[in-house]
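# Tertiary structure, described
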Amino acid sequence: MRRAEIEKQNRYLLERQRQFRLAADIVTDAWTAFPEVWAIAVIGSVARPLWKEVPRFREFRRESVEVWHECGDLDLAVWIESQGRLGELRQAGVRALRQAYEAGAGMSVVGHELDVFLIEPASDRYLGRLCSFNQCPKGKRDCLVPGCGETPFNKRIADFKPRADLLAPAAHAMLYRRDAGRLRSALDLPVIDEGLLP
C-alpha cells in the first residue's frame, strides 16, 4: 500500500473527528436554551485523542496497516432534569446541524449520527437514549423494545447495560454545565495520541 493512501486515510479520519467535535459544539449551543438540560459532555471516541489500529477497511486490514481510529458517530451525555420535551430537544439539535451545514460551517453531521445518552443529574443514572426518529413511536423494529417510548423519544436498546466507565470522558470533555455556562469547545480537546506519532 502506498504511503500517500495511508496519509489520505489518516487525514480523513482526523477530519471526521473534527467534524463530530464541531457538531458537538453546535448541538450544545442549541440545547443550552433548554432549562431542563443540566450538563452536556462529549463521551466515546470523539472525546479522546485518536489511537492507531488496523481498521475494518479490507485493503488496510489485508496488509495490517494501522491508521487513526474511525469515529463512527458522536456520543454525547446529557444530564437532564425532565424528559417532558425530548422531542423538542431532538428537533433543536437536528435543526442546528442543518442550519450550520447550510451556512457553510465546514461540517456534514446529521441528526441520526448523534448518540445521546440521557443521564439523571443527581445520581449519574443512565435513563435511556434520545431517539433520532421524528415521531414516537415510529413503528420501526427499534420501537418494539420493551419500555421504548414509554417516555416519548426516550429510546431503549435491547440488552444494553452502560459500562461503568461510560461517563469517564466527561471529566475532561464537559462542554456545558448550567451552573457555570459554556466550559469549553469540543474543538479544543486533544486530537491524537502524541506517543503514536512516527
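Counting from 1, residues in each chain are numbered in the order their sequence is written. Restriction of local features to residues with pLDDT of at least 70 applies here, the model being predicted, together with a cutoff of 80 or more for giving and counting side-chain atom pairs; totals for whole chains, interfaces and linings are based on all residues. Note: side-chain values were computed over all heavy atoms of the structure, leaving out hydrogens and water.

### Overview of the packing of helix 1 (residues 3-31) against helix 3 (residues 86-102)
Fitting a line to C-alpha atoms yields each axis, with helices limited to the stretch in contact; the angle taken between N-to-C directions then spans 0 to 180 degrees. To qualify as a helix, a DSSP run of H or I must reach at least 4 residues; to qualify as a strand, a run of E must reach at least 2; elements of each kind are numbered from the N terminus. Viewed as axis vectors pointing N to C, helix 1 and helix 3 meet at an angle of 130 degrees, and their least axial separation amounts to 9 Å. Relative to helix 3, helix 1 is oriented oblique. The handedness of the crossing between helix 1 and helix 3 comes out as right-handed. Contacts between helix 1 and helix 3 involve Ala-23, Ile-26, Val-27, Ala-30 and Trp-31 from the first element and Leu-89, Ala-92, Gly-93, Ala-96, Leu-97 and Ala-100 from the second. Between 65 and 115 degrees an angle is taken as roughly perpendicular, under 35 as roughly parallel, over 145 as roughly antiparallel, and anywhere else as oblique. Crossings are assigned a handedness: left-handed for a near helix turned anticlockwise from the far helix by less than a right angle, right-handed for a clockwise turn. Pairs of residues are marked as contacts when any of their non-hydrogen atoms sit within 4.5 Å.

### A closer look at the packing of aromatic side chains
The rule is short: rings of Phe, Tyr and Trp, with Trp giving its six-membered ring, pair when the centres are within 6.5 Å, and they are stacked under 30 degrees, edge-to-face over 60, tilted in between. Overall, the coordinates contain 4 aromatic pairs when judged by the stated rule. On the numbers, 6.2 Å between centres and 70 degrees between planes, the contact of Phe-57 with Phe-60 is edge-to-face. Phe-60 carries the same exposure label as Phe-57, and that label is buried. The interplanar angle of 55 degrees and the centroid separation of 6.2 Å between the aromatic rings of Phe-117 and Phe-160 together place this pair among those described as tilted. Residue Phe-117 is found in strand 5 (residues 114-119), and its partner Phe-160 is found in the loop between strand 7 (154-155) and helix 4 (170-173); the two are separated by 43 residues along the sequence. Each residue in the set Phe-117, Tyr-126 and Phe-160 is aromatic and connected to the rest through ring pairs, giving one cluster. By definition here, charges over rings are those cases where NZ of Lys or CZ of Arg is within 6 Å of the ring centre and within 35 degrees of the ring normal. For the cation-ring pair, Arg-16 lies above Phe-20, with the distance from its terminal atom to the ring centre recorded as 4.4 Å. Partly exposed residues are those whose accessible area sits between 20% and 50% of the maximum for their type, while under 20% is buried and over 50% is exposed, using a 1.4 Å probe and protein chains only.

### So, the nonpolar core
We call a set of buried Ala, Val, Leu, Ile, Met, Phe, Trp, Tyr and Cys residues a nonpolar core when their side-chain atoms join them within 4.5 Å. Of all hydrophobic cores here, the largest spans 47 residues; its most connected members are Trp-31, Val-37, Val-42, Leu-74, Ile-80, Leu-89 and Met-107. Sorting the residues of this core by element identifies helix 1, strand 1 (37-43), strand 3 (67-68), strand 4 (74-80), helix 3, strand 5, strand 6 (126-130) and strand 8 (174-177) as the ones contributing at least two each. At 9 residues, the largest contribution of residues to this core is made by helix 1. Ranked by size, the runner-up nonpolar core spans 12 residues in total, among them Phe-117, Ile-119, Leu-167 and Met-174.

### Concerning helix 3
A helix is expected to reach a length of 1.5 Å times the quantity of its residues less one. In this model helix 3 runs 24 Å from its N-terminal to its C-terminal C-alpha over 17 residues, within 8% of the 24 Å that 1.5 Å per residue would give. Among the residues of helix 3, Leu-86, Gly-87, Leu-89, Arg-90, Ala-92, Gly-93, Ala-96, Leu-97 and Ala-100 are the ones counted as buried. At its buried positions, helix 3 is contacted by helix 1, strand 1, strand 4, strand 5, strand 6 and strand 7. Phi turns positive one or two residues past the end of helix 3, at Gly-104, with a value near 80 degrees.

### Describing the pairing of strand 1
Burial of strand 1 is extensive: 6 of the 7 residues sit out of reach of the surface. Two strands qualify as a pair provided that DSSP identifies no fewer than 2 bridges between them. Here 6 bridges tie strand 1 to strand 4, and the two strands are oriented antiparallel to one another. When the sheet's bridge partners are listed, Val-37 is paired in strand 4 with Ile-80. For strand 1 and strand 8, the ladder comprises 3 bridges, and the chain directions are antiparallel.

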